[in-house]
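# Observations on the model geometry
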Amino acid sequence: MSVDPFVREIVGAQLRSAAREMFVTLGRSSQSPIIYEVLDYACGICDADGHLVAEAEGIPGFIGTLGHAAQEILAQHAQDMKEGDVYILNDPFRGGGTHLSDVALVSPVHFDGARVAFAVNKAHWPEVGGVSAGSWSPATREIHQEGLIFSGVALYRHGDLNDALVGLIRANVRLPDATLGDLFAGVAGLETARQRMHDICHRVGVPVLFEAMQELHNIGQRRALTALRGLP
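One structure accompanies this document, and this report is about it. (Residues numbered from 1 in each chain as written. Predicted model: local features only at pLDDT ≥ 70, side-chain atom pairs only at ≥ 80, totals over all residues. Heavy atoms only, no water.)

### Quick notes on helix α3 (residues 60–77)
Along its 18 residues, α3 runs 27 Å from first to last C-alpha, staying within 8% of the 26 Å computed at 1.5 Å per residue. Most pronounced at L66, the bend in α3 amounts to some 30 degrees. Considered for burial, the residues of α3 that qualify are F62, I63, T65, L66, G67, A69, A70, E72, I73, L74 and H77. (Helix = DSSP H or I, 4+ residues; strand = E, 2+ residues; numbered from the N terminus. Expected span 1.5 Å × (residues − 1). Bend = angle between axes of the 7 residues up to and from the residue. Buried < 20%, exposed > 50% of the residue type's maximum accessible area, 1.4 Å probe, protein only.)

### Concerning the environment of V128
Following the sequence through the fold, V128 ends up in the loop between β5 (114–124) and β6 (151–157). Looking at V128, the relative accessible area reads 1%, which means it is buried. Sequence separation of V128 and S101 is 27 residues, and the distance between their C-alpha atoms is 5.8 Å. Among residues more than four places away in sequence, those in contact with V128 are L100, S101, V103, S135, E146, G147, L148, N172 and V173. (Contact = heavy atoms within 4.5 Å.)

### Let's talk about empty space enclosed by the protein
Within this structure, the stated rule accounts for one cavity of 30 Å³ or more. Considered as a void within the structure, the largest cavity measures approximately 30 Å³ in volume. (1 Å grid on protein atoms, 1.4 Å probe; cavity = no way out; pocket = protein on both sides within 12 Å on 5 of 7 lines; lining within 4 Å. Points joined across faces, edges and corners; volume = space filled by probe spheres on them.)

### Topic: the packing of helix α1 (residues 5–29) against helix α7 (residues 206–229)
At a closest axis distance of 9 Å, the pairing of α1 and α7 adopts a crossing angle of 90 degrees. Our classification of the angle between α1 and α7 gives roughly perpendicular. For the pair α1 and α7, the contacting residues are V7, R8, V11, G12 and L15 in the first and V208, L209, A212, M213, E215, L216 and I219 in the second. (Axes fitted to C-alpha atoms, helices over the stretch in contact; angles between N-to-C directions. Parallel < 35°, antiparallel > 145°, perpendicular 65-115°, else oblique.)

### Overview of α7
Taking 1.5 Å per residue as the helical rise, α7 with its 24 residues ought to reach 34 Å, and the 35 Å between its terminal C-alpha atoms agrees with that figure. Listed as buried for α7 are V206, V208, L209, A212, M213, E215, L216 and I219. Residues of α7 that are buried in the fold lie against α1, β1 (41–47), β2 (52–55), β4 (102–111), β5 and α6 (176–204).

### Focus: the pattern of salt bridges
Across all of its chains, the model carries 12 salt bridges by this definition. Between E9 and R8 there is a salt bridge; the shortest N-O distance is 3.2 Å. For R8, a relative accessible area of 16% gives the class buried. As a salt-bridge pair, R194 and E191 come within 2.6 Å of each other at their nearest N and O atoms. Placement of the pair is R194 and E191 together in helix α6, with a separation of three residues, close to one helical turn. Through salt bridges with shared partners, a single network forms among R8, E9 and E215. (Salt bridge = Lys/Arg side-chain N within 4 Å of Asp/Glu carboxyl O.)

Shown next as structure tokens:
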């Protein structure tokens, strides 16, 4: 199957629009100025295998980690992943890619019972606990002193909130209202992206979406290789 190039470009624009709408939702809902003013966050849509296919404006270094976060969650939860799941990840050694204050939220998107994509965002929280306010200190000697480590635990399971995890976060951070506000802003962004992905599936169908995603990957690879060949 080969997707009409016009359809492929329309689907690509819709995917980017879904990522950007997630970006706007997260930013407008967040409680911390480092997110809503500094824009220290990023959002993206990954395909069903966790490969980034569309992204919104944000921290470029974050954009490069979104696919790794989705792939880590897929590796951990592929057997029991359902619509309405949201996973939290900031472990730099397990798909996190940056430091602990940069928290990624990953949610699979299903349509007609099948996984079609992942919605992913990563935002710099004001802190995640640890020995120093802001979870930054040159005096730390190990990662456990920097704050809470989330290695892919479920925040929502089939749409049900993990209240115990929320309580754990609240009890271990200095700014619980701001921190949890940013957490649920990220969740709101994921829900926005999920709704837009459902819209795309209704409009073009899952086979066309999958083929368009693959062709977008191929185009990106060709462009990258062409740019690399031009380097001295």
